[in-house]
Amino acid sequence: MTAIILDQIAGKLPLWVEDSRKCSSEGRVASYIPELSKAPTEALGIHLLDGSGRSASAGDCGLSFTMQSISKVFTLILALIENGEEAVFHKVGMEPTGDNFNSMLKLELVRPGIPFNPLINAGAIAISSLIGGRNAEEKSARTLQFFRSLAGNDSLECDEDVRRSESETANLNRSMAYLLKDNGVLEGDVEEVLAVYFHHCSISVTCADLARMALVLAFDGVDPIKGERLIPRRYVQIAKTFMTTCGMYNASGEFAIQVGLPAKSGVSGGILTLVPGQYGIGVVGPALNAKGNSIAGVQLLETMSRELDLSMF
Ligand code: GLN
């Protein structure tokens, strides 16, 4: 990996974005959450932020989108802060599944019936149940506050239309949560846990917000712009390891080979990634490939990694 200089890439970024944007017509915007199908298929944007607060962006970086599975990285961190490693990994495992992100197959096949990792839906739902608070409202408020502090943006909010749309159509997640309850994984009321999960998946961000959150991970838990530690180093290490092994669903191995950076994608087409010690990066491209990752976003990151020699490996 070589150090990248912002001025050197600022000129090339729009060209790489326009080139990658072309493949968005081969992808499809997620529609299983009906509200997500309204996203612009051809959109592609990126924002990079360095430790001194300098940034570069290109394309549709003003687009707002919901975090979806990207939020799972940060609820994991919050659950670790509030409960410690032992309690968290009593409820979820540490291994990739090889199954789809919404699969419940192994919850019945493998004993004990705990989710394989915190980034698949079953694992993230289990993590939602570990967030502190007396009820769903308090847990959601705490989560939103944590996300706001990481993004350095007090105006982050949940997109109520997306949250409602997911909640009304979440038959699969709902069945998974009830199975988890039966397996003894979920504490408390299942619908309350699901409400916390849908809320954090529906927190609305831009690429700049993702870049700022990623920057904190890139600097091992310290916000380099404010000079403030927001996350213990050990928990950032755990989060970045999961991002590397499971962050891009069933394409995590290929992404590690082609891009070589810790990353997490969401079904709304967002990707949060980082260059350790250097940059936080936020990408959005709502059209998804067959594995559920932003088709143009992945292409853009592959190009950047190759051209700038960004791989950690
Ligand atoms: N909220 C979405 C779901 O539970 C998150 C999935 C994703 O981004 N892959 O289905």
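Quick caveat, the model's predicted, so the values are computed rather than measured.

K.L.:
Even after reading the chapter, I still don't get the nonpolar core, so can you show me in this structure?
P.N.:
Burial of nonpolar side chains together is a common tendency in soluble globular proteins. Met67, Phe74, Val88, Leu217, Ile231 and Leu272 are the most contacted members of the largest nonpolar core, which totals 64 residues. If you tally residues by element for this core, the top one is helix α3 (residues 71-91), at nine residues. The contact partners of Met67, leaving out residues within four places of it in the chain, are Phe74, Phe147, His200, Cys201, Ile203, Val205, Leu210, Met213 and Gly266. Within the second largest apolar cluster, 30 residues are counted, among which are Leu44, Met248, Val275 and Leu308.

K.L.:
What exactly am I supposed to notice about the environment of Thr169 here?
P.N.:
Here Thr169 is to be found in helix α7 (residues 160-169). We classify Thr169 as partly exposed; its relative accessible area is 31%. Taking the C-alpha atoms as reference, Thr169 lies 6.7 Å from Ile33; in sequence the two are 136 residues apart. In this view, Thr169 contacts Tyr32, Ile33 and Pro34; residues no more than four positions away in its chain are not counted.

K.L.:
Even after reading the chapter, I still don't get the packing of aromatic side chains, so can you show me in this structure?
P.N.:
Think of a pair of aromatic rings as described by two things: how far the centres are apart, and how the planes are tilted against each other in angle. Counted according to the given criterion, the structure contains five aromatic pairs. Each ring, one from Tyr32 and one from Phe101, has its centre 6.5 Å from the other, and the planes form 50°; the classification is tilted. With a gap of 69 residues between them, Tyr32 in the loop between β1 (28-29) and β2 (45-50) and Phe101 in the loop between α3 and α4 (105-109) connect regions that are remote in the sequence. For Phe101, a relative accessible area of 15% puts it in the buried group. Between Phe74 and Phe147, the aromatic rings sit 5.9 Å apart at their centres with planes inclined by 70°, giving edge-to-face as the arrangement. Of this pair, Phe74 sits in helix α3 while Phe147 sits in helix α6 (residues 136-151), and the two are 73 residues apart along the sequence. Given the relative accessible area of 0%, Phe74 is considered buried. Phe147 gets classed as buried once you look at its relative accessible area, which sits at 0%. The structure contains a cluster of three or more aromatic residues connected by ring pairs, namely Tyr32, Phe101 and Tyr249. Over the ring of Phe116 we find Lys106, and its NZ or CZ is 5.3 Å from the ring centre.

Calculation notes
Residues numbered from 1 in each chain as written. Predicted model: local features only at pLDDT ≥ 70, side-chain atom pairs only at ≥ 80, totals over all residues. Heavy atoms only, no water. Core = buried A, V, L, I, M, F, W, Y, C linked by side-chain atoms within 4.5 Å. Buried < 20%, exposed > 50% of the residue type's maximum accessible area, 1.4 Å probe, protein only. Helix = DSSP H or I, 4+ residues; strand = E, 2+ residues; numbered from the N terminus. Contact = heavy atoms within 4.5 Å. Phe/Tyr/Trp six-rings, centres within 6.5 Å; stacked < 30°, edge-to-face > 60°. Lys NZ or Arg CZ within 6 Å of the ring centre and 35° of its normal.

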